[in-house]
Structure formats: C-alpha cells, structure tokens
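Summary of structural features
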Amino acid sequence: MNYKDTVSWMFKQLPMYQNKGKSAYKEDLNNTIKLASHLNNPEAKFKSIHVAGTNGKGSTSHMLASVLQEAGYNVGLYTSPHLKDFRERIRINGKPISKQFVIGFINRNRNFFEDNQLSFFEMTVGMAFDYFARKKVDIAVVEVGMGGRLDSTNIITPQLSIITNIGFDHMRFLGNTLEAIASEKAGIIKPNIPVVIGETQTELSHVFKNIAAQNNSDIYFADKEINKVFDSDLKGSYQLMNIKAVLKSFEVLNQGNFNISKNHLKIGLLNVASNTGMMGRWQVIGSNPKIICDTAHNKEGLKYVIEQLLSESFDKLHIVFGVVNDKDLSTILPLLPKSAKYYLCKPNVLRGLDSEKLKTSFKDYGLVSESFNSVNEALNDAKLNANNNDLIFVGGSTFVVAEII
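Reference entry: report on the structure contained in this document.

Criteria and cut-off values
- Residues numbered from 1 in each chain as written.
- Predicted model: local features only at pLDDT ≥ 70, side-chain atom pairs only at ≥ 80, totals over all residues.
- Heavy atoms only, no water.
- Helix = DSSP H or I, 4+ residues; strand = E, 2+ residues; numbered from the N terminus.
- Contact = heavy atoms within 4.5 Å.
- Pairing = 2+ DSSP bridges.
- Axes fitted to C-alpha atoms, helices over the stretch in contact; angles between N-to-C directions.
- Disulfide = S-S within 2.5 Å.
- Buried < 20%, exposed > 50% of the residue type's maximum accessible area, 1.4 Å probe, protein only.
- Salt bridge = Lys/Arg side-chain N within 4 Å of Asp/Glu carboxyl O.
- Core = buried A, V, L, I, M, F, W, Y, C linked by side-chain atoms within 4.5 Å.
- Parallel < 35°, antiparallel > 145°, perpendicular 65-115°, else oblique.
- Nonpolar A, V, L, I, M, F, W, Y, C, P; charged D, E, K, R; others polar.
- Expected span 1.5 Å × (residues − 1).
- Left-handed = near helix turned anticlockwise from the far one by under 90°.

Examining the side chain of serine 369
- Examined against the element boundaries, serine 369 turns out to sit in strand 13 (residues 369-371).
- Residues contacting serine 369, with those up to four places away along its chain left out, are Tyr342, Leu344, Lys359 and Phe362.

Considering unusual backbone geometry
- Serine 80 connects to proline 81 through a cis peptide bond whose omega is -10 degrees.
- In this fold, proline 81 is placed in the loop between strand 2 (75-78) and strand 3 (90-92).
- The omega torsion of the bond from asparagine 288 to proline 289 falls at 0 degrees, within 30 degrees of zero and hence cis.
- Note that proline 289 resides in the loop between strand 9 (283-286) and strand 10 (290-293).
- Positive phi is not limited to glycine here, since lysine 136 has a value of about 55 degrees.
- Relative to the helices and strands, lysine 136 is located in the loop between helix 6 (120-134) and strand 5 (139-143).
- With a phi angle near 65 degrees, asparagine 192 is a residue other than glycine that sits in the positive phi range.
- By secondary structure assignment, the location of asparagine 192 is in the loop between helix 8 (178-185) and strand 7 (195-197).

Considering the sheet that holds strand 3
- The strand order across the open sheet formed by eight strands is 4-3-2-5-1-6-7-8, and the pairing between neighbours is mixed. Since the sheet does not close on itself, it has two edges, and those belong to strand 4 (95-96) and strand 8 (219-221), each with one partner.
- When strand 2 meets strand 5, the two strands line up parallel, connected through four bridges. When the sheet's bridge partners are listed, valine 75 is paired in strand 5 with isoleucine 139.
- Of the strands in this sheet, strand 6 (160-163), strand 7 and strand 8 touch helix 9 (residues 205-214), which is tilted by about 155 degrees from strand 8.

Notes on the state of the cysteines
- Counted according to the given criterion, the structure contains zero disulfides.
- The thiol sulfur of cysteine 293 is not disulfide-bonded, and the nearest other cysteine sulfur, from cysteine 345, lies at 13 Å.
- We classify cysteine 345 as buried; its relative accessible area is 0%.

Regarding the pattern of salt bridges
- In the structure shown here, the tally under the stated rule is eleven salt bridges.
- In this structure, the salt-bridge partner of glutamate 184 is arginine 149, at a minimum N-O distance of 3.0 Å. With glutamate 184 in helix 8 and arginine 149 in the loop between strand 5 and strand 6, this residue pair connects regions lying 35 residues apart in the sequence.
- The partly exposed category is assigned to arginine 149, whose relative accessible area is 41%.
- The residue glutamate 225 makes a salt bridge to lysine 248 at a minimum N-O spacing of 2.8 Å. Here glutamate 225, found in helix 10 (residues 222-225), pairs with lysine 248, found in helix 11 (residues 239-253); they are 23 residues apart in sequence, far enough to count as distant.
- Within this structure, Arg108, Asp130 and Arg134 form a network of salt bridges that share partners.

Quick look at the pairing of strand 10
- The pairing of strand 9 with strand 10 spans three bridges and is antiparallel. Bridge pairing links valine 284 to isoleucine 292 in strand 10.
- Where strand 9 folds back on strand 10, the antiparallel hairpin that results is connected by three residues, among which asparagine 288 adopts a positive phi of roughly 50 degrees.
- Across four bridges, strand 10 lies against strand 14 (residues 391-395) in parallel orientation. Note on strand 14: the bridge partner recorded for isoleucine 292 is phenylalanine 393.

Description of the nonpolar core
- Judged by nonpolar contacts, the single largest core of 36 residues is most densely connected at Phe113, Met127, Phe129 and Phe132.
- For this core, the secondary structure elements donating two or more residues are helix 1 (3-13), helix 3 (30-38), strand 3, helix 5 (99-116), helix 6 and strand 5.
- At ten residues, the largest contribution of residues to this core is made by helix 6.
- Contact partners of methionine 127, with chain neighbours within four places excluded, come to Met10, Phe86, Ile90, Ile97, Phe101, Val102, Phe105 and Ile106.

Things to note about the packing of helix 1 against helix 6
- The N-to-C vectors of helix 1 and helix 6 enclose an angle of 135 degrees; their axes lie 8 Å apart at closest approach. Put simply, helix 1 runs oblique to helix 6. Across the interface between the two elements, Trp9, Met10, Phe11 and Gln13 of helix 1 pack against Phe120, Met123, Thr124 and Met127 of helix 6.
- Among the residues making up the contact of helix 1 with helix 6, the classes are represented as six nonpolar, two polar and no charged.

Regarding helix 4 (residues 57-70)
- Its 14 residues place the ends of helix 4 20 Å apart at the C-alpha level, agreeing with the 20 Å of an ideal helix rising 1.5 Å per residue.
- In terms of burial, helix 4 is a largely internal element, 13 of the 14 residues being buried.
- Immediately downstream of helix 4, the backbone of glycine 72 shows phi near 95 degrees, a positive value.

Things to note about the packing of helix 5 against helix 6
- Between helix 5 and helix 6, whose axes approach to 11 Å, the crossing angle comes to 125 degrees. As judged from the angle between their axes, helix 5 and helix 6 are oblique. Crossing of helix 5 over helix 6 shows right-handed handedness. Residues Phe101, Val102, Phe105, Ile106, Arg108 and Phe113 of helix 5 touch helix 6, and the partners they reach there are Met123, Gly126, Met127, Asp130, Tyr131 and Arg134.
- Among the residues making up the contact of helix 5 with helix 6, the classes are represented as eight nonpolar, one polar and three charged.

So, to be careful, I would describe these as geometric facts and stop short of saying anything about function.
Written out as structure tokens, the structure reads:
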C-alpha cells in the first residue's frame, strides 16, 4: 500500500469518532494497553506532558511544544483531529511524521490491528508513541482526544497533567453535567504528578481538588496564580487563558529538571504557528474583505469567538457556518449575532448536518440564512456578496475549516 492507501485503510478499518460518532467509542483502555505491550511499551521511553480540556487543549499543546522547541528540546507533539493531512497529528519539532513511517507502521502491525479490532484512534496513538520512542524525543506533548479517563492517550505517566477548562461537549460519552465531564477529564491526574487547571470554575474546583488529593498530586489554578502574560502569534482573546496555563505549567516544570527561561517563553509564544504548523485558530485567510476562520465548535468556544468577531471593525458580517449532526444547536444558536448574514453548509464528513436542516433551526432563532451544497460554495457566495470593508467568518466545526484552509 502507498501512503494514500494506508491512510484510507486506517479510516475505513473501523468506525472513527470524527466520522461516525458514538459507535467508535471504546469503554476501557484494554486495547490500548494490549497494543502498547505489543509495541514494547514505547510510552515508557520518553517524558511527556498530558493536556485535556473541553476548549483550548489544542492551542495549549502547540504553545507548550513551541516553547520547548525554543529551549532546545527535541519535542514530539500529538494532537487531533487533523485539518488537511493525517500526518499533522504526529510531529517532531513541527515536522509531520514521514509517509514512510506511517506506511511501515501499518504494514508491520496490520495483522495485530485486525486480530484485535483496534479503532482508528488506538492505532494512531500507538503509531505516535512508537514514533516518538524510536526518534528518541526528549519530551512529547500529548493532547487527549476526548475526555481523559478512558482516552487512548491515558497510558502515559507524564511529568505534568494539564486540564484547560470544562464545558458541555461530547455529553453522550462523558456525562450530562459539568461535574461528570470534569471527573472524566480529571482521569488524567496520576499519582504524585502535579496538575495545572487552566480556568477556575468555582462549581468544579472541588472535583479537581478531590481527585488530586486522592493521587497525592499538587494542584495549581493558572488563572488565579498568573498575572502577567506574554503576547502570542495565536490571536484571539480566548487565548489568554491558554497562555496563563502554559506559563504556570513551565513554572511547575522548572521546579523539576526543566530549564525554561523567560526568553524561551516569549519567543516560543510568539512563534507557535511557524514552530508547530498549527492552523485554524483565529486564522486570517483573506483580505479585502478580511476572512477569518476558527475551529471553535461548542458553546464555550464559540462564545469567545463571537465576542472577538464583534470587536472587529466591519460594515457587514458574513458567516459561513456548518456543524456535525450530534451538535446541540440550542446551546450555540442563541450566541450568534442576528445582524449577520449566514451561509450554511454541510461539512464533508458522514456526521455533517444537512444544510437545509440547519437552515430550519436558524429560522427558528430568527437568523437570516441561505443553504449551500458545500463549504466552498458557501464561502464563494459570501465573497461575492461582501464588499472590501465587510468581514467574513468561517466556522462552526473543525471539518468546515478543514475544507477552506
């Protein structure tokens, strides 16, 4: 199999959450533990930082990696989902995993994957950990896929655990209350390993404190302890919390065997995109009219993005918008400005919500919209209707953004 065939086989082999939803979710870590053993436990061969949270975990992971790279470390970075190419998920010093490694890893282990019916996500985590171990990274920043306690990444014993914040997302898997979701994400807290909480949510602090106490883990609340921040090339007011989490994390790591200077922090935070290849977070992709995209896709994330949008200077606001079919629209449609014109589209994944169905919901909330057959068709129409002083925003789903970057 060539690279394209290999990735296609991975996607098709078993249901993947990003495409299929709940049928791809596993209820325990048995498969991952079995795979790790088959690979000679690569996760034990490198240091790591584990990052969970409803929003901000991707940005925070990229910021951490960028700072570590500036400090001279050989840095692995594992994130999900990808926007354009599967290899974005697994990087060392910003460079994606080679096509040859992807092909070779699947070929070497294909029989094991099929015999044990591994999911796409389990295979990918195994590939990342095997790659980092073979390439002898100094440290890997590992982003949780979903939740924490039962996530395939949760076989590592990191130097530090980070939980950015808690919001309503993936409730079918993680629980219907913020407390239940917090408990799942707190599942990454390990015995005697410190944990940094990015955003203090008063009603949830006890959940983290209790689980940290049970694990004899020191706990820090970044937003309460960090007052001065540095600028970042990742724009968006919502990045402030993530920057605070990163700064507190390096304070804690510096108490151990790490040596991250103020200069490493400043330069690392200013060069996140170029150091790590990050895309899709408050990214300006056009001018005259200005076009911005962002992958925020739930209530908490979109709240910050809409606030930021409305602080921009423009004559008219055009929003290209699409979602997946398990999205609770009642939590996000009230956030959207009624003054904007909406161009609705279905992202090109199995879980994408039909744009006509989306239009019905928009009408119920008094939002003026048109529906289109594709993301690019919607964006092209927005460009035709916008003048140079207008603003076009593209978002609602990672998969919408992936089609126009």
